Structure formats: structure tokens, C-alpha cells
Amino acid sequence: MSRRPIGVFDSGVGGLTVLKELIRRLPNERYVYFGDMARAPYGTKSRETVTRFSRQIVRFLRTRDVKAIVVACNTASAVALDDIEKEFDLPVIGVVKPGAKSAADTTQTGHIGLIGTEATISSGIYENYLQDYRPDIRLIGKACPLFVSLVEEGCIEDPVTTEIARRYMAAFRDTDIDTLIMGCTHFPMIEDTIQRAAGEHVRLVNPAYETAKGLQELLTEYDLLNDEDIPVHEEAYKFYVSDAPDRFRRIANLFLPLSIAGAKQIAIEEY
Ligand code: DGL
């Protein structure tokens, strides 16, 4: 058992949708969240750049004495997870593999849609994992970069988001998909809009659920679960950002089941 915190990171606010599920499943744990607000979005950047950013963040999180790392960003999970696993002597889990497993378990037709950033779609990593689970699966990917900006602008239930969703979902119109992976951490924040545009016959998969389950298994395996009964309060969660702490706090308080007093800004390039 360990009272040390779990390190969670994302390019910005999107990973909060993952943190929310982690808290729901593992409420006894302490969390240190880092949002790279200064350097987001990651989804349009190269593999080398996202890997360098991810390494710096893990180095920073280690200074907070974390016992495990959750890469709560699809883009970083898609392109940097292998390097992080090799380089750091810590249990690490990303969101892509759990998302692929969840989709493989959900689909009946074997035809799955994937929406995410350009980097995630072009990495081909979801296909790789899906093939491992079920070789007959066919994946149709569609990059949806505008969703990230719309969420960050707070356009959650908004006609503009509805229209953009309608256009993006047209990519799946003549397909037989019955399952759609929300392969970007921002997307669960507009899940209802995506569901309406995709149609009720399509099951949406949020990789965060399976990630939380996977983290629980990982901590159990390493004997790192915290079984003390800690009350859910602010001190159990620490938030750090590379820029815009006020903006971060505003958006975080919209999506988390607790109120965040603030996020501390740090100079991530120094790590
Ligand atoms: N958090 C990123 C992801 O899940 C989306 C935002 C970005 O492009 O940085 O891919």
C-alpha cells in the first residue's frame, strides 16, 4: 500500500475527463495533475516534440514523488508511451490501449469509428491494438481537431458544435460502424452532441473508464493501492500547469466533481 500520489498529465484540460474517472474508481488515491497549457495542442505536433514534452512532464511529476503515471492524453499515449515506459522506472498507463480494448469488447459488426487529433489518427496505434484483440476489425478514422478548440471555448451545448459534429460524422455515414472511440480526451465533454450526430445506433466509447480499471489493476499488481480512508477534499489533488492557471481552474471546475482552488504554474522547460 502506498500513500504517494498518482501523476496524471495531459496537454491541457482534456485529461480532466480521465481524472474524473480515476477519482470515481479510485477515490482513496491522491493525484497530481499536470496540464501543459503553454504548449497545447499536442495533436498537431510531431512525435519528437510530443515525446520531449512528455519526458519533461514525467521528470517533473517524479519530483512530486508519484507512484505511477497516467498519460491522460491520447496523442501522448499514441506517440510517446513506449519511450516513457522504457526510460522511467515507474508503472505507466496510457489511454489508447484501454480504449481499443473497450471498443473491441463493444462492437458487434466489427466496424469501429475513431475520432481524435491528427497525430493520434495518423499514428495508426489504435489499429495495431485492435488487431491484437480482434484481427477482423475494420477501423475508420477521422481527425476532428476543431472539437478541441470548441471545448476550450466552452461551446458545449452550442449550435456551432452541433454543426461541426454533423460535418465530421458525415465521414461515417456510408459505413457500418456500431462503435465510435472518442480518441481524444476533450471529446467526452461534448459526448451528447457527438452522440446525436453519430446516431443512436452507434455506441460511444470513452477510453477513460477502461483506463481507470487498468490503473486499479496496475496498482494492485505493484501493491501500490492506497487503502487508507482519505476524505475527498482539495488537498488530495494538486494541479500544476505550464501557463494560464486561471483559465485552467475555470474549465476544471466545470468538469470535476470538486472545486479546485487553484493551479500552480511551473517552468516545465526546466525539467
Ligand atoms: N489531449 C489531447 C488528446 O487527447 C487533445 C488536445 C491536444 O491536441 O493537445 O489527444
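Heads up: these notes are all about the structure in this document. Here the structure is a predicted model, which is why all the values come from computation and not from measurement.

Some points on the environment of V13
Point 1. Within the element layout of this structure, V13 appears in the loop between β1 (6-10) and α1 (16-25).
Point 2. In the structure, V13 is positioned 228 residues away from V241 in sequence and 9.6 Å away in space, judged by C-alpha atoms.

Some details on the site of the ligand
Point 1. By nearness alone, 13 residues border the ligand, and D10, S11, Y42, G43 and T75 come closest of all.
Point 2. At a separation of 2.7 Å, an oxygen atom of the ligand approaches a polar backbone atom of Y42.
Point 3. Here T75 contributes a side-chain N or O atom positioned 2.6 Å from an oxygen atom of the ligand.
Point 4. Coverage of the ligand by the protein chains reaches 99% of its 290 Å² of free accessible surface.
Point 5. Class assignment for the residues of the shell around the ligand results in 5 nonpolar, 7 polar and 1 charged.

Notes on the sheet that holds strand β3 (residues 68-71)
Point 1. Spatial ordering of the open sheet is given by β4-β3-β1-β2-β9-β10, a layout of 6 strands whose pairing is parallel. The open sheet has two edge strands with one neighbour each: β4 (92-94) and β10 (264-265).
Point 2. Across 3 bridges, the pairing between β3 and β4 is parallel. Bridge assignment links V71 to a residue of β4, and that residue is G94.
Point 3. Running at roughly 150° to β1, helix α2 (residues 47-63) makes contact with β1, β2 (31-35), β3 and β9 (237-241) of the sheet.

Reading the values: rules and limits
Residues numbered from 1 in each chain as written. Predicted model: local features only at pLDDT ≥ 70, side-chain atom pairs only at ≥ 80, totals over all residues. Heavy atoms only, no water. Helix = DSSP H or I, 4+ residues; strand = E, 2+ residues; numbered from the N terminus. Near = heavy atom within 4 Å. Polar contact = N/O pair within 3.5 Å; in protein donor to acceptor, adjacent residues only side chain to side chain. Areas by Shrake-Rupley, 256 points an atom, 1.4 Å probe, with all protein chains shown as cover. Nonpolar A, V, L, I, M, F, W, Y, C, P; charged D, E, K, R; others polar. Pairing = 2+ DSSP bridges. Contact = heavy atoms within 4.5 Å. Axes fitted to C-alpha atoms, helices over the stretch in contact; angles between N-to-C directions.

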